[in-house]
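Report on the structure
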Amino acid sequence: MSKIPAISTAQMVEVDRLMIEEFGIGLKQMMENAGLNLASLARDRFLSGDARGKVVVVLAGSGGNGGGGLVAARRLHNWGAHVLVFVSRPAENFCGVPGDQLAILHNLEIEIIEPGNLSEFPAADLIIDALIGYSLSGAPHGSAAHLIKQANAQSTPILSLDTPSGVDTTSGSAYQPHIKAAATLTLALPKIGLFAPPAQPAVGDLFLADIGVPPELYARLGLQVRPIFAQATIIPIAYEA
C-alpha cells in the first residue's frame, strides 16, 4: 500500500468531476470499465473461470454504483450466466447513465425485480452488491436495507463494487445494516475507509480495478500515481499490518 495512495470520498468525487469536465472521459465510459472489471472478477474468482450456467444475483441501486452493477449483469449474461437483478428503487427512478443501463437489461429480457415485488433470492453461485457506493449518507434504509439483510442471510458469497453497501469510504464506519462481502472491488484508487478496522470484516479480500483515470489527473490532486495497472486491470490490495 505504500506505493498506492488511498483517497477519501471527497477526493474520489473530484476525480469523477475532473474525468468528465476536464478530461472528457464520460460517466458511461467509466461505468462500462467498472462493470466489465466487476464481471471479470466475478467470473474468475467466484465462478471457476466460466460463467456459463452459473446463477448470479445482482443488487443494484439507482446511482453510479448501481450502474456499474448493471453493466456487470449484462456482461455476465452475455457470457452465459443466468442473471437476476434486484433493484432498490422503481425503474422510473433510474435516470441518466444508470437508467440507460437498466433499459439495456430490459431489452435483453433479463429478469429485473423491483421494490414491492421483492421475492426470495434463488439458490445462486454469487451475489453482486452494487447498491450504495461512496455516496452513502448514514445507515441504509428502505429497500436497500431489506436487500442487504436478505443478501447477508444467504450462504452465497458476496462481491461488492467499490465498497460494501453500508460502509463509509472515508471513515470506515460500518452502519447497520451493511453488506458482509467475501471480496470488494474498489475503483481507481483504494478508499481510506476500507482499511479502517470496523470496515475490514465487511470488505473481505480487497481488489482494485482500472477505470481509466490518467496519471495527469491524479497530479492535479497532488498525487503521484505510478502505472499500477501496467500488467493487469485488476490487482489485489493487501491490508497494511
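Reading guide: rules and limits
- Residues numbered from 1 in each chain as written.
- Predicted model: local features only at pLDDT ≥ 70, side-chain atom pairs only at ≥ 80, totals over all residues.
- Heavy atoms only, no water.
- 1 Å grid on protein atoms, 1.4 Å probe; cavity = no way out; pocket = protein on both sides within 12 Å on 5 of 7 lines; lining within 4 Å.
- Points joined across faces, edges and corners; volume = space filled by probe spheres on them.
- Helix = DSSP H or I, 4+ residues; strand = E, 2+ residues; numbered from the N terminus.
- Nonpolar A, V, L, I, M, F, W, Y, C, P; charged D, E, K, R; others polar.
- Buried < 20%, exposed > 50% of the residue type's maximum accessible area, 1.4 Å probe, protein only.
- Pairing = 2+ DSSP bridges.
- Right-handed = clockwise from strand over helix to strand, strands pointing away.
- Axes fitted to C-alpha atoms, helices over the stretch in contact; angles between N-to-C directions.
- Parallel < 35°, antiparallel > 145°, perpendicular 65-115°, else oblique.
- Left-handed = near helix turned anticlockwise from the far one by under 90°.
- Contact = heavy atoms within 4.5 Å.
- Salt bridge = Lys/Arg side-chain N within 4 Å of Asp/Glu carboxyl O.
- Polar contact = N/O pair within 3.5 Å; in protein donor to acceptor, adjacent residues only side chain to side chain.
- Core = buried A, V, L, I, M, F, W, Y, C linked by side-chain atoms within 4.5 Å.
- Expected span 1.5 Å × (residues − 1).

**Some points on the layout of surface pockets**
One water molecule sets the probe size; rolling that probe over the atoms shows where empty space is left. The calculated volume of the largest pocket comes to roughly 650 Å³. Listing elements by their share of the lining of the largest pocket, those giving two or more residues are helix 1 (9-21), helix 2 (27-46) and helix 3 (64-78). With four residues, the single largest contributor to the lining of the largest pocket is helix 2. For the lining of the largest pocket, the per-class residue count stands at 16 nonpolar, 12 polar and three charged.

**Overview of the pairing of strand 5 (residues 158-161)**
Judged by which residues are buried, strand 5 turns out to be covered on both faces: I158 and S160 on one side and L159 and L161 on the other are all buried. Bridge count between strand 4 (residues 126-130) and strand 5: three bridges; the pairing is parallel. If you follow D129 over to strand 5, its bridge partner there is S160. This β-α-β element, strand 4 to helix 5 (residues 142-152) to strand 5, shows right-handed connectivity.

**Description of the packing of helix 3 against helix 4 (residues 96-107)**
Axis separation between helix 3 and helix 4 bottoms out at 9 Å; the angle between their running directions is 25 degrees. It follows that helix 3 is roughly parallel to helix 4 by the angle criterion. Where helix 3 crosses over helix 4, the handedness of that crossing is left-handed. Here G64, G67, L70, V71, A73 and R74 of helix 3 come into contact with helix 4, specifically with P98, Q101, L102, I104 and L105.

**Topic: the pattern of salt bridges**
Per the counting criterion, the structure on display carries nine salt bridges. D44 is the partner of R43 in a salt bridge, and the nearest nitrogen-oxygen pair spans 2.9 Å. Judged by its relative accessible area of 22%, R43 is partly exposed. Under the relative-accessibility criterion, D44 is labelled partly exposed at 49%. For R52, the salt bridge goes to D50, with nearest N and O atoms at 2.6 Å.

**Focus on the environment of H178**
Tracing the backbone through its elements, the reader meets H178 in the loop between strand 5 and strand 6 (183-187). Considered as a pair, H178 and L136 are 42 residues apart in the sequence and their alpha carbons are 11 Å apart. With near-sequence residues (within four places) excluded, H178 lies in contact with I148, N152, S165, G166, V167 and A202. At 2.8 Å, the side chain of H178 forms a polar contact with the backbone oxygen of Y175.

**Comments concerning the nonpolar core**
One finds L76, V85 and Y218 to be the most contacted residues of the largest nonpolar core, which totals 63 residues. In terms of residue count, helix 2 provides more of this core than any other element does, seven residues in total. In this view, Y218 contacts V15, A188, L189, V213, L223 and V225; residues no more than four positions away in its chain are not counted. Within the second largest apolar cluster, 18 residues are counted, among which are V57, I127, I179 and A181.

**Description of the environment of P236**
Within the element layout of this structure, P236 appears in strand 8 (residues 234-237). The class of P236 is exposed, set by a relative accessible area of 62%. Spatially, the C-alpha atom of P236 lies 4.3 Å from that of F207, the residues being 29 residues apart in sequence. Look past the residues within four positions of P236 in its chain and what remains in contact with it is L206 and F207.

**Some details on helix 1**
In an α-helix, one turn spans 3.6 residues, which is why side chains three or four residues apart end up on the same side. With 13 residues, helix 1 should reach 18 Å at 1.5 Å per residue; the first-to-last C-alpha distance of 18 Å fits that figure. For helix 1, the elements touching its buried residues are helix 2, strand 6 and helix 7 (215-220).

**Remarks on the sheet that holds strand 1 (residues 55-60)**
Strand order in the open sheet made by the eight strands is 3-2-1-4-5-6-7-8, with mixed pairing throughout. Looking at which strands have only one partner, the edges of the open sheet turn out to be strand 3 (111-113) and strand 8. Averaged over all pairs of adjacent strands, the angle between their axes in this sheet comes to 25 degrees, without regard to strand direction.

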